[in-house]
Amino acid sequence: MTAVRERSSLGPINLVEFFNWTTFDVLGELAFGEPFGSLANRKTSSWIAIILDSIKFNAWDVAIWKLAIVPRFQYWLTPKSVREGGLKHALESKDKVLKRAARKSERKDFVSYILAKREELHITDWELAAHANALIVAGSETSATVLSGLHYYLLNTPHAYKKLREEVRGRFKSVEEVDARSAANLPYLTACIEETFRIYPPIPIAMPRVTPEGGCMIAGHYVPGGVSPLSGV
């Protein structure tokens, strides 16, 4: 909130950036015991920028594999910056997770639990980095996307925004009172978040769905029951 107040006083801001800064910093703390520094620097770190670019390309990648012949040309269709960014991301992930392992910290985080099983499961350095990276990507960009969608729909649905504002301000008197446990007891907030998940799923690939018994209309076309758009059967 401090960062938002500072920047908003200078003019319009892009809230999506602030959501990503926050979620990545939180996951950095949970995974490596230290944030990425985006909130403190009020700037997207180079590593986060690479992750965000790769996630955008994932959506194109999924679409490409649904087309005939085109996947054969995937390498040439992939921007050079994305290919190079993927390698840089893998190297930085490995470097960061190994630095965390070398600190021998007693603090509990994602990596500490993986390290506890490292010898037993024969986890290599690259596998260690892959596990940590998967946890970061899964919990950061997705959370920021949900927050972006939630705010977008609230700002475009005045009556819902008004009702949620009244619920929140009726429960809390200051920002310091807000925490995960107390916020979980707000039924309308929970409903808004769940509805956001329904209409704005936070992943860059298609969700697996099957048409209901009896079929249904999709984009003006009748689709028989039991059909999966992903598999075509």
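The following paragraphs examine the structure supplied in this document. Just so we're clear, the structure is a prediction, and the values are computed from it rather than from any experiment.

The next thing to look at is helix H4 (residues 46-64). For H4, built from 19 residues, the straight-helix expectation of 27 Å at 1.5 Å per residue is met to within 8% by its first-to-last C-alpha distance of 27 Å. Among the residues making up H4, those that are buried are Trp47, Ile48, Ile50, Ile51, Leu52, Ile55, Phe57 and Ile64. Those residues of H4 that are buried are in contact with helix H2 (15-32), helix H3 (38-41), helix H5 (74-77), helix H6 (80-102), helix H9 (125-139) and helix H10 (141-155).

The next point concerns the nonpolar core. Core analysis: the biggest nonpolar cluster contains 17 residues, and Phe24, Phe32, Phe36, Val97 and Ile136 have the highest contact counts within it. Secondary structure elements with two or more residues in this core: H2, H4, helix H7 (110-116) and H9. Ranked by the residues each element gives to this core, the list is headed by H4, at 5 residues. Sequence-distant contacts of Phe36, that is, excluding residues within four places in its chain, are made with Phe24, Asp25, Gly28, Ser45, Trp47, Ile48, Lys96 and Ile136.

Bringing the environment of Ile199 into the picture now. Along the polypeptide, Ile199 turns up in helix H13 (residues 187-199). For Ile199, a relative accessible area of 33% translates into the label partly exposed. Separated by 15 residues in sequence, Ile199 and Gly214 have C-alpha atoms that sit 23 Å apart.

Let us now look at a nonpolar patch on the surface. Residues Ile69, Phe73, Tyr75, Trp76 and Leu77 make up a contiguous nonpolar surface patch of roughly 630 Å² in combined accessible area. Tracing the backbone shows Phe73 in the loop between H4 and H5.

This brings us to the packing of aromatic side chains. Under the criterion given, the structure shown has 4 aromatic pairs. Taking the centre distance of 6.1 Å and the plane angle of 80° together, the rings of Phe24 and Phe36 count as edge-to-face. Of this pair, Phe24 sits in helix H2 while Phe36 sits in the loop between H2 and H3, and the two are 12 residues apart along the sequence. The interplanar angle of 85° and the centroid separation of 5.2 Å between the aromatic rings of Tyr152 and Tyr153 together place this pair among those described as edge-to-face.

Definitions and limits used
- Residues numbered from 1 in each chain as written.
- Predicted model: local features only at pLDDT ≥ 70, side-chain atom pairs only at ≥ 80, totals over all residues.
- Heavy atoms only, no water.
- Helix = DSSP H or I, 4+ residues; strand = E, 2+ residues; numbered from the N terminus.
- Expected span 1.5 Å × (residues − 1).
- Buried < 20%, exposed > 50% of the residue type's maximum accessible area, 1.4 Å probe, protein only.
- Contact = heavy atoms within 4.5 Å.
- Core = buried A, V, L, I, M, F, W, Y, C linked by side-chain atoms within 4.5 Å.
- Patch = residues over 30% accessible without salt bridge, like charges linked within 9 Å, V, L, I, M, F, W, Y side chains within 5 Å.
- Areas by Shrake-Rupley, 256 points an atom, 1.4 Å probe, with all protein chains shown as cover.
- Salt bridge = Lys/Arg side-chain N within 4 Å of Asp/Glu carboxyl O.
- Phe/Tyr/Trp six-rings, centres within 6.5 Å; stacked < 30°, edge-to-face > 60°.

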